[in-house]
Amino acid sequence: MGVSGSGKSTLAAALAAELNLPMAEADEFHPVENIAKMASQTPLTDEDRWPWLDALRDWMSAQVETGSVITCSALRRSYRDVLRTAAGRVVFLHVDVEIPRLNTRLAHRSGHFMPPALLESQLNTLESLDPEEDGVVLTNDATIEDLLEAARTWLRTNTDTSDQSEERNHS
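For the structure given in this document, a descriptive report is provided here.

What counts and how
- Residues numbered from 1 in each chain as written.
- Predicted model: local features only at pLDDT ≥ 70, side-chain atom pairs only at ≥ 80, totals over all residues.
- Heavy atoms only, no water.
- Salt bridge = Lys/Arg side-chain N within 4 Å of Asp/Glu carboxyl O.
- Helix = DSSP H or I, 4+ residues; strand = E, 2+ residues; numbered from the N terminus.
- Buried < 20%, exposed > 50% of the residue type's maximum accessible area, 1.4 Å probe, protein only.
- Axes fitted to C-alpha atoms, helices over the stretch in contact; angles between N-to-C directions.
- Parallel < 35°, antiparallel > 145°, perpendicular 65-115°, else oblique.
- Left-handed = near helix turned anticlockwise from the far one by under 90°.
- Contact = heavy atoms within 4.5 Å.
- Pairing = 2+ DSSP bridges.

### Some details on the pattern of salt bridges
Inspection of every chain in the model, using the stated rule, returns 15 salt bridges. Between Arg 80 and Glu 133 there is a salt bridge; the shortest N-O distance is 2.8 Å. One end of the pair, Arg 80, is in helix H4 (residues 77–83); the other, Glu 133, is in the loop between helix H6 (119–125) and strand E4 (135–139), and 53 residues separate them in sequence. Classification of Arg 80 by relative accessible area gives buried; the value is 0%. On the basis of relative accessibility, which here comes to 5%, the residue Glu 133 falls in the buried class.

### Digging into the packing of helix H1 (residues 8–19) against helix H7 (residues 144–158)
The geometry of H1 relative to H7 is characterised by a closest axis approach of 10 Å and an angle of 55° between their N-to-C directions. Considered as vectors, H1 and H7 are oriented oblique to each other. H1 and H7 meet at a crossing whose hand is right-handed. Each of Thr 10, Leu 11, Ala 14, Leu 15 and Glu 18 in H1 lies in contact with H7, whose residues at this interface are Ile 144, Leu 147, Leu 148, Ala 151, Arg 152 and Leu 155.

### What about the pairing of E4?
Burial along E4 is one-sided: Val 136 and Leu 138 are buried, while Gly 135, Val 137 and Thr 139, pointing the other way, are not. Bridging between strand E3 (residues 89–96) and E4 involves 5 bridges; their strand directions are parallel. Bridge pairing in E4 places Leu 93 opposite Val 136.

What follows is the structure, given as structure tokens:
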């Protein structure tokens, strides 16, 4: 989870490959109306997000036998609460990046419908993980290898990725 440009998709792809789990990019679950809104620099409303979050939850539930990795901004606790209703255990890896680095990344990103102008809206919406939420904040301030190692370490300590009988999903 995290704001646009934080590195969550890069981390998710690396984790999914390493753990041999199916992966979903939440952006691909947005209806065309949501993409058009964001592309026109209009922030989504909660009403726009609920069906999108439900679709993500349902996809995660369908992967419960193997577990899965998804990327999703999951900016608010209420959004994470929807995702948490997926079958199996849902953990959140919140990828955090300093604002100047985010601005640089978004300014140099091409081919994505999310304009840099909406970063401020995302940052204003972001609610940190509460202590009772199953997850961790990972600072993305070095290399992807460093971020991946931090994720691995947390997952090894807080989940049993070798136990195939436990249902798991990672966001």
